[in-house]
Amino acid sequence: MEAEVTPSRYCAHPQTGYVSVSVAPRVQGVALQQICPCGSGTSYDACCGRLHRGAALAETPEELMRSRYAAYAVGDTDYVFRTWHPRTRPEDLSPHPGRTWTGLSILGAGEDWVEFVASYDVGGVAGEQRERSRFEQRAGRWVYVDGEFE
Ligand SMILES: [Zn+2]
């Protein structure tokens, strides 16, 4: 654990007290060589980590969507915030307590939309979020606008 980590960034498992690695702070050395949470099969560092640390910009809505999912998974709420359209983004982006993101499936993607299923675990109970997200380009950067949920 890194010294600057505040307890509020952790979500202890409600039953086991286990602190999930997936909500560890951003830019954590330990996670850099791990497989990226977005499911690309490459390392976090070479995949969404690049975008999270500002070394690259998402070139497509799908790439942005994947990186936003990965940001939720690693607890990088700053990235989630800055890739959210200012018109639609909520003020409070604190993570759901006890929720661990466990997988992402892209169902389809177009010019300005991505449909996906994100899997999670809350207290040992698996769940899914299915969404068709809309994206817009602002000053050359893709941002998330909103989504339709099922
Ligand atoms: Zn990734």
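What you see is a predicted model; the values in this text were computed from it and never measured.

Calculation rules
Residues numbered from 1 in each chain as written. Predicted model: local features only at pLDDT ≥ 70, side-chain atom pairs only at ≥ 80, totals over all residues. Helix = DSSP H or I, 4+ residues; strand = E, 2+ residues; numbered from the N terminus. Buried ≥ 20, exposed ≤ 12 C-beta atoms within 10 Å, placed from the backbone. Contact = placed C-beta atoms within 7 Å. Pairing = 2+ DSSP bridges. Axes fitted to C-alpha atoms, helices over the stretch in contact; angles between N-to-C directions. Expected span 1.5 Å × (residues − 1). Core = buried A, V, L, I, M, F, W, Y, C linked by C-beta atoms within 7 Å. pLDDT = per-residue confidence, 0-100.

**Q** Explain the overall build of the chain to me, please; I cannot follow it from the model alone.
**A** Helices and strands together make up the secondary structure of the chain, namely three helices and four strands. Walking the chain from its N terminus toward its C terminus, one meets helices and strands in the order α-α-α-β-β-β-β. Looking at the chain as a whole, 30% of its 150 residues are labelled buried. For the chain, the proportion of contacts with a sequence separation of at least 24, taken over those separated by at least 6, is 42%.

**Q** Whenever I open this one, unusual backbone geometry confuses me. Can you help?
**A** Negative phi values dominate among residues other than glycine, just as trans dominates among peptide bonds. Phi is positive for Ala139, which is not a glycine, with a value near 50°. Since 5 C-beta atoms lie within 10 Å of it, Ala139 is described here as exposed.

**Q** I'm lost on the sheet that holds strand 1 (residues 99–109) in this one. Help?
**A** The strand order across the open sheet built from four strands is 1-2-3-4, with neighbouring strands paired in antiparallel fashion. Each end of this open sheet is capped by a strand with a single partner; those strands are strand 1 and strand 4 (141–149). The average undirected angle you get between the axes of adjacent strands in this sheet is 35°. Bridge count for strand 3 (residues 125–138) against strand 4 is eight bridges, and the pairing is antiparallel. Bridge pairing links Phe135 to Tyr144 in strand 4.

**Q** Quick question: what am I supposed to make of the pairing of strand 3 here?
**A** Taken residue by residue, a regular strand's side chains alternate between the two faces of the sheet. One ladder, built from ten bridges, connects strand 2 (residues 113–122) with strand 3; its direction is antiparallel. Residue pairing across strands places Ser119 opposite Glu128, the latter belonging to strand 3. Hairpin connection, strand 2 to strand 3: the antiparallel pair is bridged by two residues, and Gly123 has positive phi, about 60°. Turn length for the strand 3-strand 4 hairpin, with the two strands adjacent in sequence and antiparallel, is two residues, and the turn residue Ala139 shows positive phi of about 50°.

**Q** How should I be thinking about helix 2 (residues 61–74) in this particular structure?
**A** Since one α-helical turn is 3.6 residues long, residues separated by three or four positions face the same way. When the terminal C-alpha atoms of helix 2 are compared, their 20 Å separation across 14 residues agrees well with the 20 Å that a helix rising 1.5 Å per residue should span. Among the 14 residues that make up helix 2, 14 are buried, leaving the element largely enclosed by the rest of the structure. Gly75 occupies a position one or two residues after helix 2 and carries a positive phi of about 80°.

**Q** What is the right way to look at the nonpolar core in this model?
**A** Here is a general trend for soluble globular proteins: nonpolar side chains tend to be buried in one another's company. Counting 26 residues, the largest nonpolar core has Cys38, Cys48, Tyr69 and Ala70 as the members making the most contacts within it. Put simply, the parts of the chain that give this core at least two residues each are helix 1 (48–52), helix 2, helix 3 (77–82), strand 1, strand 2 and strand 4. Looking at this core, the element that brings in the most residues is helix 2, giving eight residues. Ignoring anything within four residues of it in the chain, the contact list for Cys38 reads Cys47, Cys48, Arg66, Ser67, Tyr69, Ala70 and Leu104.

**Q** Just checking my understanding: could you explain the confidence of the model for the chain for this structure?
**A** One rule of thumb: low pLDDT means the predicted coordinates there are not for detailed reading. Of all residues in the chain, 79% attain a pLDDT of 70 or more, and the chain-wide mean is 84. This model gives residues 1–30 a pLDDT under 50, and the stretch forms 42 contacts once residues within four places in sequence are excluded.

**Q** Explain the pairing of strand 2 to me, please; I cannot follow it from the model alone.
**A** Across nine bridges, the pairing between strand 1 and strand 2 is antiparallel. What sits directly across from Ser105, in strand 2, is Val117. What sits between the antiparallel neighbours strand 1 and strand 2 is a turn of three residues.

**Q** In this structure, what is going on with the environment of Tyr120? I would like to understand it.
**A** Checked against the element boundaries, Tyr120 lands in strand 2. As a C-alpha pair, Tyr120 and Leu104 span 16 residues in sequence and 9.2 Å in three-dimensional space. Filtering out sequence-adjacent residues up to four positions away, Tyr120 remains in contact with Arg99, Thr100, Trp101, Thr102, Gly127 and Gln129.

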